[in-house]
Amino acid sequence: MAKIKATELEYQAVFKEKLIAANHNFKTQRIKVRIKQTGNSLQLRATLPLKPGDTSVAKQKKQYDLSLGIPANLEGLKTAIEESYELGKLIARHTFEWNDKYLGNKSRDKQEIKTIGELLEDFENQYYQTRQKTLTSQNTFANYQSVLKRNLPLNDLPTQENLESIINSFQGNKKNELIAVTSVFIKTFNLGFKLDVKRDYVTPAYREIPDDEKIISGFYLFEKFALNRKNTNISDEIDTWEMWRWVYGMLATFGFRPRELFVEPDINWWMSPQNIDHTWKVNKNTKTGYREVIPFVPEWIELFGLKNPKLLNILERKVAKIESVQNINWMRRDISRWFRKVGIEFQPYDLRHACAIRAHLQGIPIKAAADNLGHTVDEHTKTYQRWFGIENRKKAFGEVMSQKSLIELQNNEILGLRMENERLSLEVEKLRLLENKNL
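Residues numbered from 1 in each chain as written. Predicted model: local features only at pLDDT ≥ 70, side-chain atom pairs only at ≥ 80, totals over all residues. Heavy atoms only, no water.

**A word on the overall build of the chain**
When helices and strands are counted, the chain shows 19 helices and five strands. A buried classification covers 39% of the 439 residues belonging to the chain. Per element, the accessible surface of the chain, about 27,000 Å² overall, is 52% carbon and sulfur. (Helix = DSSP H or I, 4+ residues; strand = E, 2+ residues; numbered from the N terminus. Buried < 20%, exposed > 50% of the residue type's maximum accessible area, 1.4 Å probe, protein only. Areas by Shrake-Rupley, 256 points an atom, 1.4 Å probe, with all protein chains shown as cover.)

**Thoughts on the packing of helix H8 (residues 160–167) against helix H9 (residues 172–188)**
Where H8 meets H9, the closest approach of the two axes is 10 Å, and the angle between their N-to-C directions is 160°. Of the possible angle classes, the one that applies to H8 and H9 is roughly antiparallel. The handedness of the crossing between H8 and H9 is right-handed. Each of Leu163, Ile166 and Ile167 in H8 lies in contact with H9, whose residues at this interface are Lys175, Leu178, Ile179, Thr182 and Ile186. Of the residues contributing to the contact of H8 with H9, the split by class is six nonpolar, one polar and one charged. (Axes fitted to C-alpha atoms, helices over the stretch in contact; angles between N-to-C directions. Parallel < 35°, antiparallel > 145°, perpendicular 65-115°, else oblique. Left-handed = near helix turned anticlockwise from the far one by under 90°. Contact = heavy atoms within 4.5 Å. Nonpolar A, V, L, I, M, F, W, Y, C, P; charged D, E, K, R; others polar.)

**Remarks on the side chain of Thr253**
As for its placement among the helices and strands, Thr253 is situated in helix H11 (residues 235–254). Classification of Thr253 by relative accessible area gives buried; the value is 0%. Setting aside anything within four residues of it in sequence, one finds Thr253 in contact with Pro295, Phe296, Val297, Trp300, Ile301, Phe304, Leu306 and Cys355.

**Some thoughts on the sheet that holds strand S1 (residues 34–38)**
Here three strands make up an open sheet; going across it, the order is S1-S2-S3 and the pairing antiparallel. Pairing within the sheet leaves two strands with one partner each, and these edge strands are S1 and strand S3 (61–71). Here the strands of the sheet are splayed against their neighbours by 35° on average, with no regard to which way each runs. Alignment of strand S2 (residues 41–49) against S3, held across nine bridges, turns out to be antiparallel. What sits directly across from Thr47, in S3, is Gln63. Contacting S1, S2 and S3, helix H2 (residues 74–92) runs over the sheet at an angle of about 5° to S2. (Pairing = 2+ DSSP bridges.)

**Description of the pairing of S2**
Bridge count for S1 against S2 is five bridges, and the pairing is antiparallel. Considered in S2, the bridge of Arg34 is made with Arg45. Between the end of S1 and the start of S2, which pair antiparallel, lie two residues, with Gly39 showing a positive phi angle near 65°.

**As for the pattern of salt bridges**
With the rule as written, the count across this model stands at 13 salt bridges. With its nearest N and O atoms 3.4 Å apart, the salt bridge here joins Lys133 to Glu124. The shortest N-O distance in the salt bridge between Glu223 and Arg245 comes to 3.8 Å. Of this pair, Glu223 sits in helix H10 (residues 212–228) while Arg245 sits in helix H11, and the two are 22 residues apart along the sequence. For Arg245, a relative accessible area of 14% corresponds to the buried category. Through salt bridges with shared partners, a single ionic network connects Lys36, Arg45 and Asp65. (Salt bridge = Lys/Arg side-chain N within 4 Å of Asp/Glu carboxyl O.)

**Some details on a negative patch on the surface**
Residues Glu208, Asp211, Glu213 and Glu345 make up a contiguous surface patch of negative charge. Its location among the elements puts Glu213 in helix H10. (Patch = residues over 30% accessible without salt bridge, like charges linked within 9 Å, V, L, I, M, F, W, Y side chains within 5 Å. Lys, Arg positive; Asp, Glu negative; His and termini not counted. Charge placed at Lys NZ, Arg CZ, Asp CG, Glu CD.)

**Describing the packing of aromatic side chains**
One pair of aromatic rings is described through two measures. These are the centre distance and the angle between the planes. Per the stated rule, a full pass over the model turns up 28 aromatic pairs. When the ring of Tyr127 is compared with that of Phe141, the centres are 5.2 Å apart and the planes differ by 45°; the resulting orientation is tilted. Highlighted residues: Tyr127 in helix H6 (residues 123–127) and Phe141 in helix H7 (residues 135–151), separated in sequence by 14 residues. A single burial state applies to Tyr127 and to Phe141, both of which are buried. Here the aromatic rings of Phe219 and Tyr248 are separated by 6.5 Å at their centres, their planes lie at 45°, and the arrangement is tilted. (Phe/Tyr/Trp six-rings, centres within 6.5 Å; stacked < 30°, edge-to-face > 60°.)

**As for the confidence of the model for the chain**
Counting all residues, the mean pLDDT for the chain is 83, and 85% of those residues have values of 70 or more. Every residue in residues 107–111 scores below 50 in pLDDT, and together they form seven contacts with partners more than four places removed in sequence or on other chains. Here residues 233–237 is a poorly scored stretch, pLDDT under 50, and it has six contacts once near neighbours within four places are set aside; other chains count. (pLDDT = per-residue confidence, 0-100.)

**A look at helix H14 (residues 309–320)**
An ideal rise of 1.5 Å per residue puts 16 Å on 12 residues; H14 measures up with 16 Å between its terminal C-alpha atoms. Listed in full, the buried residues belonging to H14 are Leu311, Leu312, Ile314, Leu315, Lys318 and Val319. For H14, the buried positions fall inside an angular range of 155° around the axis, keeping them on one side. Pointing more than 90 degrees away from the buried face of H14 are the exposed residues Arg317 and Ala320. For H14, the capping residue at the N-terminal end is Asn308, with a side-chain oxygen 3.0 Å from the backbone nitrogen of Lys310. (Expected span 1.5 Å × (residues − 1). Arc of directions from axis to C-beta. Polar contact = N/O pair within 3.5 Å; in protein donor to acceptor, adjacent residues only side chain to side chain.)

Listed below in structure tokens is the structure:
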């Protein structure tokens, strides 16, 4: 979300800069029209003959803000500039007349009769008016569109009452997801209202995060599956079980989000002799952008054979077939399918949670661990530490107690050495005094 917000702010800054430049050009060219932003819309401001029925002033002309249904984005700004030149010509030639276009009747009527389904047909086009089209944004949009099509009646009108009624018919996580996605839908089409619904409080389901012993055992289940299966004609499964085991090992060692292994993986860097720290470079087109990830358990790189060229060649062939976000989602689902197939009792994302917990037990500073996992400190502490569990607490307490006992032991040893030093100093002083007396 932070990345999305930063992208939107950058987009808004470019938009405002171009809006200022457009109005400056109008002034230079003596075109008596200005473009102004009101909320999510652009309006044309100009001094015009009085609108029919307007008796608010005694003069023959008045300044008006014309709403033509133009969205406040870069594409909309191009339209507003074209409309400004057209309006400027009518003003200069004294041929301006109030018609349905400038009264706003056509655009308003057209907007009111569109159903949810009709708006969804143009959802993708409108959505990318204010966003860059990347693998990440495409995946986000695909999820939004899927949620809306599954849950909203396409023949209904997108009024506040209709949308709130639909949302309130759901509960829990489904309701909360629909609130978030519908809010994006409303903002994209500038429907002119905000949802007045409350999110449900949902208690997260319990997760039992695997410890290192269970993770290592899970790795060997892939080979066990391959040895025990009988007479399969699915060549893909025969050839790729080792690659999915490699994926399992990478998730366990680095705590990746599964898709971070499939979006343009930098295999050359991973295998490079210069990569002495065994870092993996996550591509910029992933959820939180580029980052270089340090292994949480470096010894697992060798144990799991994560630099085996054969496995990386299979991965490279798989990734070469990716043509869309949908292909990446299929590969991500394949990971879960392979977990179930070989008999692993936990989910792929549990390996990511395990890395967050392990980082805490290793004493890695929270900021460093959060950066390595590619999320905020707040996300790290709130979401991932939720699954810390009694056994990990015992380990943490035990480690602290052990360190405390060691410190106390060292302090006692230091105190004993100091006392011994004092005793020896007194002995030396006594001998010195005795020697002086004898002289």
